[in-house]
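Report on the structure
Here is what each chain is made of, one letter per residue.
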Amino acid sequence: MGGFFGAISHKNCIYDVFFGTDYHSHLGTRRGGMVVYGPETGFVREIHDIENTPFRTKFESALHEFKGHIGMGCISDTDPQPLLVRSHLGLYAICTVGIINNIDELIDTYFSDHGHQFMAQSSGKVNVSELVAALINMKENLVEGILYAQEMIKGSITILLMTPDGILAARDRLGRLPVLVGKHPDGSLCVSFESFAYHKLGYEDAYELGPREIVALTRNGYETVSPPGKEMKICGFLWTYYGYPNSNYEGVNVEVMRYRNGEIMARKEMEAGTMDQVLAMVQSNLGVGFYPESMAASALAAGTVFQIHLAEPIPERFVNLIEDTSRPQSVAMKAFKKMLLAPEEE
């Protein structure tokens, strides 16, 4: 998985890009990168390994090097991103999120026209964003190139592309991953994977891209440059696993969806298979459990569960042992009998 955040403003937007990208850190643990553009500095980019050190720690000491009114960042669980690309379409930065199932086929097709090459990683693999850029560059403009890349790719690819004039955001062909546009009261615009990332920065919901849709963001506003498709197959794991609890996808809140799923599961009268599952099911709001108070002491102290006091006391119970004396008793049976007949400890 991975996440991205881009912003465009009439002022320096580096802090929005920095924090907006950092708020996607739960989506990847390998690489983090940022790029900004300013008329005086041009493109400034940095990529860091975040496997052992968080994104914020890696980048905060270098923020003074970034200055610009357009920027984007990404958290990647695969390749280093964003990349800077120069082609007949100009100079631009690109980052992607998704999975390409026919990557070898696409590389072979690209190599069939002699004179092309890719920068190989140490593993010999090709950076996915570089491959996507190569497909985009085969057309006469960026929008046509993005549509061509999405048609050629088997799988899912969401693209964020930044030029000196603005940002192009393209949701994958079947809308498996979300792309949302936020607007700040000061007129700044952002594009993000997670809605909560821009909510924390003071942006409000402005627009959510449909499947295959491409939107252009400039300092004057945003507009659709390629309309959405009709087929939607959004990833259900966004609500059950990947998504941050206070994010929204297609107008549905992640935490609300998780509670609804719990309610639906509880309707089927699920039963715990073992005693140690009871407490976990109660903590997940899947029902009420009957559990020894001593075993739930730590959970009660932490406030993750609470005790229900009954109006009437639980009736006294008795355990009766019936044995067949004509049969020999196993070791396990003798131990069980000894445990039942042992005097109760005070």
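Scroll up to find the structure this text is about.
Residues numbered from 1 in each chain as written. Predicted model: local features only at pLDDT ≥ 70, side-chain atom pairs only at ≥ 80, totals over all residues. Heavy atoms only, no water.

**Things to note about the pattern of salt bridges**
Scanning all chains against the criterion turns up nine salt bridges. Close ionic contact of Asp186 with Lys11 constitutes a salt bridge, the shortest N to O distance being 3.0 Å. Separated by 175 residues along the polypeptide, Asp186 in the loop between β9 (180–183) and β10 (189–192) and Lys11 in the loop between β1 (2–8) and α1 (14–22) bring together distant segments of the chain. Judged by relative accessible area, Asp186 falls into the partly exposed class, the value being 38%. Three or more residues joined by partner-sharing salt bridges are found here, namely Arg31, Asp49 and Glu51. (Salt bridge = Lys/Arg side-chain N within 4 Å of Asp/Glu carboxyl O. Helix = DSSP H or I, 4+ residues; strand = E, 2+ residues; numbered from the N terminus. Buried < 20%, exposed > 50% of the residue type's maximum accessible area, 1.4 Å probe, protein only.)

**A closer look at the sheet that holds strand β6 (residues 90–100)**
Reading across from one edge, β5-β6-β7-β8-β12-β13 is the order of the six strands in this open sheet, with antiparallel pairing throughout. Strands at the two margins of the open sheet, each flanked by one partner only, are β5 (83–87) and β13 (221–226). Averaged over all pairs of adjacent strands, the angle between their axes in this sheet comes to 25°, without regard to strand direction. Taken together, the eight bridges between β6 and strand β7 (residues 155–163) define a ladder with antiparallel strand orientation. In the strand pairing of β7, Ala93 is matched with Met162. Lying over the sheet, helix α4 (residues 128–136) contacts β5, β6 and β7, oriented at roughly 120° with respect to β6. Docked against the sheet, helix α5 (residues 142–152) engages β6, β7, β8 (166–170), β12 (214–218) and β13, running at close to 25° with respect to β8. (Pairing = 2+ DSSP bridges. Axes fitted to C-alpha atoms, helices over the stretch in contact; angles between N-to-C directions. Contact = heavy atoms within 4.5 Å.)

**Some details on the sheet that holds β1**
The sheet built from seven strands is open, its strands ordered β3-β2-β4-β1-β10-β9-β11 with antiparallel pairing. Of all the strands in the sheet, just β3 (42–49) and β11 (204–208) have a single pairing partner and so form its edges. Strand-to-strand twist across the sheet, computed as the mean angle between neighbouring axes with direction ignored, equals 15°. Note that β9 and β11 share four bridges and pair antiparallel. Its bridge partner being in β11, Gly182 is matched across the sheet by Asp205.

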